[in-house]
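As a plain string of letters, each chain reads:
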2 protein chains.
Amino acid sequence: MKLDDLKHAQRERLIFLDRCLTWRGMANRKDLIDHFGISTAQAALDFRVYLGLAHSSPPTYDPVRKTYIAASEHEALAPSGLTEAFDILAGVDEDTPSSALPRPERKADQRTIAFLHQAIRSGNAVHVRYTSMSSGADEGQWIAPTRFTSDGESVHLRAHSFKRGEYRNYLPIRIDPDSSFEEKPIDKPLPEDVDWNTRAIIWLRPKTGLSDEQAKVVRREFGFEGEWLRVETRKALEFFFDRRWGLDTVGARLERAKTDYEPI
Amino acid sequence: MKLDDLKHAQRERLIFLDRCLTWRGMANRKDLIDHFGISTAQAALDFRVYLGLAHSSPPTYDPVRKTYIAASEHEALAPSGLTEAFDILAGVDEDTPSSALPRPERKADQRTIAFLHQAIRSGNAVHVRYTSMSSGADEGQWIAPTRFTSDGESVHLRAHSFKRGEYRNYLPIRIDPDSSFEEKPIDKPLPEDVDWNTRAIIWLRPKTGLSDEQAKVVRREFGFEGEWLRVETRKALEFFFDRRWGLDTVGARLERAKTDYEPI
DNA sequence: TATGTCCATCTAGAAAATATACGAATAAAA
DNA sequence: TTTTATTCGTATATTTTCTAGATGGACATA
C-alpha cells in the first residue's frame, strides 16, 4: 500500500495530515475536518489509513494531550520544505494583515497569456508589440514562443525572435494587450534553443571573508556539508540566478565558485 | 449555487478548471482526468457544474478545435495571480531541469519546528541555544515564541526575548537542534508586541530618474494607475521589505515614497 | 468512406463519505 | 465527587459521489 495508490482526494488529505505531523509534531481529526470539511468518521478512517502507510515511524495517540504525536524519528511520507508548509504553521486571522510579507506580484493580462499559450501549442509565430525597458515600444514583430518560464518573481515567455535571430526571454506584461496576436505558421524550422538545452550547474560556497563559524552557519542554513552547494538549472535561466539568490547584494552570504555546463 | 457550496474535492477540480480557462484560455475533460484521476463521466459532470456557476461569462465548446474556449471577457471564479498559476502553463517533463529557476530554500529541522510550535500553542517559554550571524553562539536563553512569520524566503520565529526585553525575529535554522527545548510557564504577562500590532502601509512609486515611458511600464507591471502603489504589512515584518522587493538593488524600479503606521 | 478523437449521456453498481449513535479515557469545572 | 467537555474509536444504515462500459454525435484526416 502506497500513497500513490489512493484516490486524489484522500491522498491530499493524508499529505496534509503528514505535514501537520511533520512540522507541528501533532495532529487531530479536527485538523482534517476543518480543512477539508469531512465528517468525523471519515477523518477517523483517514487516520487509520495513515497509520497503515506510516509503518516505519507511526505517530502515537496520547490520551493525556488528546492528540496524535509524531514519532521523534518521524519520517514524512511526502517530504516538504518549510516554506511550502508555512500555511500549516501560520494561524490565519482574516481582517488583520498576513503573517507573511507580501510579495511583489507582477500583474499579467489573461487574454495575452492565453494567446501566447495558444501560439505555443500550435507551434505558430505570433505578432506582438513589445515594450522593452531600454529601447521603448516597438512597431510590432513576429516571435515564435516556445514555453513559459519562471524566475520565481515573475513569469517569462521564452521565444525565438526573428528580428534578433535568437531566443530571448520576454515579460508578458510588456506585451501590448492590443497587439494583433495574429498567428502564422513558421516557414523554416527554428534553430535549436541551445541555452535552454544546456544544463548549468552552479557551485556556490560561503562568501569569502566570513569566519569559519559563520561559514558553518551558512552551510547548515542552505543544507550542504562539503565545500560547495550544487544548484542545477538551465543556462537560459542563469541570467536571473544571481538576483534571485541575492548574490549581488551587500549582505550576500554565498558566492559562486564555478559553473559547469553540459548539454541536456 | 456558489463555488463554496460544493464539496472540497469538486471545488478543487473546478478551481483547476477555472485556471485552465483563465490562463490557457481553453480546457478539456482530459485536463481534469489527467490531473485528478477521475473518469470521463465525472469530468463531464464537472464541466456542466462549471457552466452552471460561470453564468456571467461561460466558456463555449468549439467542436472544430475540440476544446472548451474561455469567453473573451472571461471572469475567473477564483481569481489567481500568474505566479500561482504557473504550473498550469509549464509543461512538466521529468528528468530535465524545471522551467522554473530553483529557489534558495532554507533547510529547517522538523523536530526543532515542532518544539517551537508546541511552545507557541501552550504559551510557554522555551530554552534554546541560538547562533546569531553577528555575535556567534550563545550559552542558551529563554524565549517566549508567539508565532511563525515568513519573509517569502525563509520562515522566522517571532518571540519575546527575555535577555533583550523585546520581541525579535529568529531564524529556526540557527537554533541548535540539540538545545534542551525545556519549557516553563511565563510568570508575568508578556508586554504587547507593538510592532506586530502595527500596520505598516508602504507607498511605492516608480524610481526617480526613470523616463515617463519607463514609469508607465513599471505602473502597468505592478498593477497601479495613480501616483503610488500601496502595500500593507506589519511593522514587525517591515525590516525584510526592501530586500524582498529588491528596493536596495541597483536595478530597482520602485522606491519608497512614504510609510504610514497605524495600530491594528 | 473509414478511422480516430473529442464530446455527451445512460444505467448499474462500486466506492466514498455522512449521519447518527454508542462507548471509553482524560481533564477541568461545578 | 459528580458533571461536563473533549478527544478518541467503532458500527450501522443511508446518501452522495464516482466509475465502468456502452452508445451516439460532430468533426478532421487519411
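Predicted model only: the values in this text are computed from it and were never measured. (Residues numbered from 1 in each chain as written. Chains lettered and ligands numbered in written order. Predicted model: local features only at pLDDT ≥ 70, side-chain atom pairs only at ≥ 80, totals over all residues. Heavy atoms only, no water.)

### Quick notes on the interface of chain A and chain B
Piece 1. At the junction of the two partners, chain A supplies 78 residues and chain B supplies 78 residues.
Piece 2. Taken over both partners, the interface formed by chain A and chain B buries close to 7,300 Å², and the fraction arising from carbon and sulfur atoms is 61%.
Piece 3. Here chain A is connected to chain B by 6 salt bridges.
Piece 4. Note that E221(A) is salt-bridged to R106(B), the shortest N-O span being 3.3 Å. (Contact = heavy atoms within 4.5 Å. Buried area = accessible area lost by both parts, 1.4 Å probe. Salt bridge = Lys/Arg side-chain N within 4 Å of Asp/Glu carboxyl O.)

### What to know about helix α5 (residues 110-122) of chain A
Piece 1. Helix length check: α5(A) (13 residues) gives 18 Å between terminal C-alpha atoms against 18 Å at 1.5 Å per residue, within 8%.
Piece 2. What α5(A) keeps buried is the set T112(A), I113(A), A114(A), L116(A), H117(A), Q118(A) and A119(A). (Helix = DSSP H or I, 4+ residues; strand = E, 2+ residues; numbered from the N terminus. Expected span 1.5 Å × (residues − 1). Buried < 20%, exposed > 50% of the residue type's maximum accessible area, 1.4 Å probe, protein only.)

### Here we look at the protein's contact with DNA strand D
Piece 1. Among the 17 residues in the neighbourhood of DNA strand D, the closest are listed as R29(A), R48(A), Y68(A), S39(B) and Q42(B).
Piece 2. Near the protein, within 4 Å, the atoms of DNA strand D are sugar or phosphate in 74% of cases.
Piece 3. For DNA strand D, a sugar or linking oxygen lies 3.2 Å from a polar atom in the side chain of Y61(A).
Piece 4. Contact distances for DNA strand D include 2.9 Å between a phosphate oxygen and a side-chain N or O atom of Q42(B).
Piece 5. Where the surface near DNA strand D is concerned, the elements lending two or more residues are α3 (40-53) of chain A together with α3 (40-53) of chain B.
Piece 6. Taken together, the residues of the surface near DNA strand D break down into 7 nonpolar, 4 polar and 6 charged. (Near = heavy atom within 4 Å. Polar contact = N/O pair within 3.5 Å; in protein donor to acceptor, adjacent residues only side chain to side chain. Nonpolar A, V, L, I, M, F, W, Y, C, P; charged D, E, K, R; others polar.)

### A few points about the protein's contact with DNA strand C
Piece 1. Around DNA strand C, a shell composed of 16 residues is seen, among which S39(A), K66(A), R29(B), R48(B) and Y68(B) lie nearest.
Piece 2. Taking G37(A), its main chain carries an N or O atom lying 3.4 Å from a phosphate oxygen of DNA strand C.
Piece 3. One nitrogen or oxygen atom from the side chain of K66(B) is found 3.2 Å from a base oxygen belonging to DNA strand C.
Piece 4. Partitioned by chemical class, the residues of the surface near DNA strand C number 6 nonpolar, 4 polar and 6 charged.

### Describing the domain arrangement of chain A
Residues and elements named next belong to chain A.
Piece 1. By the assigned domains, chain A splits into domain 1 (3-89), domain 2 (110-184) and domain 3 (198-263).
Piece 2. One C-alpha centre belongs to domain 2, the other to domain 3, and the line joining them spans 31 Å.
Piece 3. Here domain 2 packs against domain 3, burying approximately 490 Å² in sum over the two surfaces, 60% of which is carbon and sulfur.
Piece 4. Area buried by domain 2 at its contact with domain 3 is led by D151, R158 and N169, which between them contribute 58% of it.
Piece 5. Counting across the domain 2 and domain 3 interface gives 2 residue pairs in polar contact (both at pLDDT 80 or more).
Piece 6. Each residue belonging to the side of domain 2 that touches domain 3 can be placed in one class, and the counts come to no nonpolar, 4 polar and 3 charged. (Domains from an automatic or database assignment.)

### Considering the relation of the copies chain A and chain B
Piece 1. Placing chain A over chain B gives an RMSD of 0.0 Å and needs a rotation angle of 180°, together with 0.0 Å of translation along the axis. Expressed as an axis order, the relation between the two copies is that of a two-fold axis. For chain A, the smallest separation between a C-alpha atom and the rotation axis is recorded for A9(A), amounting to 2.9 Å.
Piece 2. Here 100% of the contact residues of chain A are again contact residues in chain B; the copies associate through an equivalent surface. (Least-squares fit on C-alpha atoms with pLDDT ≥ 70 in both.)

### Overview of the packing of aromatic side chains
Piece 1. A complete count under the given rule lists 18 aromatic pairs over all chains for this structure.
Piece 2. Seen from their ring centres, F47(A) and Y68(A) are 4.6 Å apart, and the 25° between their planes marks the pair as stacked. Here Y68(A) lies in strand β3 (residues 67-69) and F47(A) lies in helix α3, a separation of 21 residues in the sequence.
Piece 3. An aromatic cluster is defined as three or more aromatic residues linked by ring pairs; in this entry it consists of F47(A), Y61(A) and Y68(A).
Piece 4. In this structure, K258(B) is placed above the aromatic ring of W203(B), and the distance from its NZ or CZ to the ring centre is 5.4 Å.
Piece 5. Against the face of W228(B) rests K258(B), its NZ or CZ located 4.9 Å from the ring centre. (Phe/Tyr/Trp six-rings, centres within 6.5 Å; stacked < 30°, edge-to-face > 60°. Lys NZ or Arg CZ within 6 Å of the ring centre and 35° of its normal.)

### Examining the sheet that holds strand β11 (residues 198-206) of chain B
Residues and elements named next belong to chain B.
Piece 1. On the basis of which strands lie adjacent, the open sheet formed by 3 strands has the order β12-β11-β13 and antiparallel pairing. Whereas interior strands pair on both sides, the edge strands pair on one side only; in this sheet they are β12 (229-234) and β13 (254-263). The mean inter-strand angle of the sheet, taken between neighbouring strand axes irrespective of direction, is 25°.
Piece 2. Looking at chain direction, β11 and β12 are connected through 6 bridges and run antiparallel. Within β12, the residue paired with A200 across the bridge is T233.
Piece 3. Across the sheet, helix α6 (residues 212-222) lies against β11, β12 and β13, angled at about 140° from β11, the strand it touches most. (Pairing = 2+ DSSP bridges. Axes fitted to C-alpha atoms, helices over the stretch in contact; angles between N-to-C directions.)

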